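# Remarks on the overall topology
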Amino acid sequence: QVQLVESGGGLVQPGGSLRLSCTASGFTFSMFAMTWYRQAPGKERELVATVTNTGETTNYADSVKGRFTISRDNTKNTLYLQMSSLKPEDTAMYYCHATNNRNRIYWGKGTLVTVSS
């Protein structure tokens, strides 16, 4: 059974940091590119950051460049998102997404990040 399980969300003050994790099972994690998406209340889901299956290449939305870092550990089947200098506008549900070169797609159920004083 394929599963993507996000964790690490919570309430943090502006300027603070959080580290999200996404643990994968049921598929060959190392063969999939991984992406973090987020969806704020009343807004459409948007891409935050993506990493290739080997971890060699990453890309970021302009809104998070320099503040967020995506990484992965293929030995642990885990994807990470290190978030720093958090802003209220980063408040959203954060989702883990996996895709391979055969267009197979998997989604996690999300973890909520709230940035507020």
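The model shown is predicted, which means the values in this text are computed figures rather than measured ones.

### Thoughts on the overall build of the protein chain
Looking only at helices and strands, the protein chain has zero helices and eleven strands in total. Helices and strands in the protein chain line up, N terminus first, as β-β-β-β-β-β-β-β-β-β-β. Since a compact globule built from 117 residues should have a radius of gyration of about 13 Å, the 13 Å found for the protein chain is in line with a globular shape. Across its three principal axes, the protein chain shows a C-alpha extent of roughly 40 × 25 × 25 Å. Of all intrachain contacts in the protein chain linking residues separated by at least 6 positions in sequence, the fraction that spans at least 24 positions is 53%. With the model as given, the accessible surface of the protein chain reaches about 6,500 Å², and the carbon-plus-sulfur share is 45%. For the protein chain, the distance from the average position of its 12 positive side-chain charges to the average position of its 8 negative side-chain charges is 5 Å.

### Here's the deal with the pattern of salt bridges
One pass over the full model with this rule turns up four salt bridges. Glu46 is the partner of Arg38 in a salt bridge, and the nearest nitrogen-oxygen pair spans 2.6 Å. Accessibility expressed as a relative area gives 33% for Glu46, which makes it partly exposed. One salt-bridge network, in which partners are shared between bridges, spans Arg38, Glu46, Arg67 and Asp90.

### Details of the state of the cysteines
Under the counting rule described, the total for this entry stands at one disulfide. Disulfide partner of Cys22: Cys96, at an S-S distance of 2.0 Å. In this structure, the disulfide formed by Cys22 and Cys96 twists by about -80° around the S-S bond and is classed as left-handed. Of this pair, Cys22 sits in strand E3 (residues 18-25) while Cys96 sits in strand E9 (residues 92-99); the two residues are 74 residues apart in sequence, bridging distant segments of the chain.

Calculation rules
Residues numbered from 1 in each chain as written. Predicted model: local features only at pLDDT ≥ 70, side-chain atom pairs only at ≥ 80, totals over all residues. Heavy atoms only, no water. Helix = DSSP H or I, 4+ residues; strand = E, 2+ residues; numbered from the N terminus. Rg over C-alpha atoms; globule rule 2.2 N^0.38 Å. Contact = heavy atoms within 4.5 Å. Areas by Shrake-Rupley, 256 points an atom, 1.4 Å probe, with all protein chains shown as cover. Lys, Arg positive; Asp, Glu negative; His and termini not counted. Charge placed at Lys NZ, Arg CZ, Asp CG, Glu CD. Salt bridge = Lys/Arg side-chain N within 4 Å of Asp/Glu carboxyl O. Buried < 20%, exposed > 50% of the residue type's maximum accessible area, 1.4 Å probe, protein only. Disulfide = S-S within 2.5 Å.

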